[in-house]
Amino acid sequence: MAALSDVQLGAGLAIGLLPVCPLPLPPSRVARVKLALYGVLAAVSILVGGVLAQWPAVAVTAMLLAGGAMGHLVAHLRRPIAMLGLLLCLPLLAVGFSYPGPETTAGLAVDILLGTAWAVLVAVCWPGGRTPAAPPVAEARRTPATMVPYGWIAGLVGAVCAAIGFAADLEHVGWAPAAALLVMRPNPPTQRMRSLDRLADVVLGAVAASLLVAIDPPGWVYAGAIGLVVVAATATSGSRWYVLPTFTTFFVFVLLLARDPADAPHRFWERSLETGLGVAVAALGAFLVLPAVLRRRRRDAAEPPPGTSTRPPSPRGGSAADPRRAD
């Protein structure tokens, strides 16, 4: 309905639905209300990122420290909900870097809160189902030995991407660090699949949106396309493929290009190259740095403390260094 009069408003509100509508629908209505937590955390994370983006050095440092702190939180709480910090809050903190200043991010945060309220309302009104609810985040081996270094490396990856964006004066500084953090996972096969999927998804979503704005359709066509994409984002929540970036990119491109279709080639290469940068830095962090750190920690844990003798004790119970004291 919003897109009929203002395409950009319709795309913005559709983006606001995405923290909640792709989630599995729990059978309990009480559990459905709790889905609002995802939207609230998303809005707050983007808003905080926008505030920090006013001071690039502070933003980069905050990204590193936030990753380390969230890694410690996940390792010691050992609850699935704690993973939201690394999987949701940290990437969306990076998204806020694209919109410096609270007045810039406030509109997006409001869109997310409105979309969250609407998605939760529809979920609560929907009849209860018998399908058991899926866990809110993917399970992982959340041991301190793994998650603490993973959190610090995730923060470092996001900080490196953000530093590159600020130094290069990119228009959307947050695109590269967000892409990196959204594909990073403690499980290498999962990250490898998500990395390839995200690259393909971004290209597909960007091309679809660019073709739509190029034909300059009437408002009802935009409204229908936005509605169909929301349906697709919701209906594919259980897919084993990482397809959500296709729909996110579609909405972002409609938002950016609705009033300037000629800018499509620039936006396409901007989004694609920054996504590639984020995925590449994430690969370096997860496939090279993290394994090296974990190997070092295991080696240090296996070594005896300094001053501890590694020689076997004397068969008679005495000191190996002084056999005369064996008796």
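Residues numbered from 1 in each chain as written. Predicted model: local features only at pLDDT ≥ 70, side-chain atom pairs only at ≥ 80, totals over all residues. Heavy atoms only, no water.

## Here's the deal with the overall build of the chain
Thought 1: Each helix and strand counted, the chain has 13 helices and zero strands in total.
Thought 2: The burial tally for the chain puts 45% of its 327 residues in the buried class.
Thought 3: Within the structure as shown, the chain displays about 16500 Å² of accessible surface, and the carbon and sulfur contribution to it stands at 69%. (Helix = DSSP H or I, 4+ residues; strand = E, 2+ residues; numbered from the N terminus. Buried < 20%, exposed > 50% of the residue type's maximum accessible area, 1.4 Å probe, protein only. Areas by Shrake-Rupley, 256 points an atom, 1.4 Å probe, with all protein chains shown as cover.)

## Points about helix α2 (residues 7–17)
Thought 1: With respect to burial, α2 is a largely interior element, eight of its 11 residues being buried.
Thought 2: For α2, the complete set of buried residues consists of Val 7, Gly 10, Ala 11, Gly 12, Ala 14, Ile 15, Gly 16 and Leu 17.
Thought 3: Check the buried side of α2 and you find it contacts α1 (2–5), α7 (102–125), α11 (219–235) and α12 (244–257).
Thought 4: Taking the backbone nitrogen of Gln 8 as reference, a side-chain oxygen 3.1 Å away marks Asp 6 as the first, capping residue of α2. (Contact = heavy atoms within 4.5 Å. Polar contact = N/O pair within 3.5 Å; in protein donor to acceptor, adjacent residues only side chain to side chain.)

## A look at the confidence of the model for the chain
In low-pLDDT regions, the fine details of the predicted coordinates are not to be read closely.
Thought 1: On average, residues of the chain score 86 in pLDDT, and 87% of them reach the 70 mark or higher.
Thought 2: Per-residue pLDDT stays below 50 along residues 132–140; that stretch engages in 12 contacts with residues further than four places along the chain or on separate chains.
Thought 3: Predicted confidence for residues 317–327 stays below pLDDT 50, and this span has seven contacts to residues more than four positions away or in other chains. (pLDDT = per-residue confidence, 0-100.)

## A closer look at unusual backbone geometry
Thought 1: The residue Asp 169 is not glycine, and still its phi comes out positive at about 55°.
Thought 2: Turning to its location among the elements, Asp 169 is positioned in the loop between α8 (144–167) and α9 (175–183).
Thought 3: One non-glycine residue, Asp 216, adopts positive backbone phi at about 50°.
Thought 4: Within the fold, Asp 216 resides in the loop between α10 (188–214) and α11.
Thought 5: Overall, the relative accessible area of 58% leaves Asp 216 in the exposed class.

## Points about the environment of Pro 186
Thought 1: Here Pro 186 is to be found in the loop between α9 and α10.
Thought 2: Its relative accessible area of 21% is what places Pro 186 among the partly exposed residues.
Thought 3: When the C-alpha positions of Pro 186 and Gly 151 are compared, they lie 9.4 Å apart, and in sequence the two are 35 residues distant.

## So, the packing of aromatic side chains
Within a pair of aromatic rings, the relevant descriptors are the distance that separates the centres and the angle that separates the planes.
Thought 1: For the structure on display, the rule yields three aromatic pairs.
Thought 2: Aromatic pair Phe 268 and Trp 269: ring centres 5.2 Å apart, planes at 80°, arrangement edge-to-face.
Thought 3: Positioned above the aromatic ring of Tyr 242 is the side chain of Arg 194, whose terminal nitrogen or guanidinium carbon lies 3.8 Å from the ring centre.
Thought 4: Stacked on the ring of Trp 175, the Lys or Arg Arg 271 has its end atom at 4.8 Å from the ring centre. (Phe/Tyr/Trp six-rings, centres within 6.5 Å; stacked < 30°, edge-to-face > 60°. Lys NZ or Arg CZ within 6 Å of the ring centre and 35° of its normal.)

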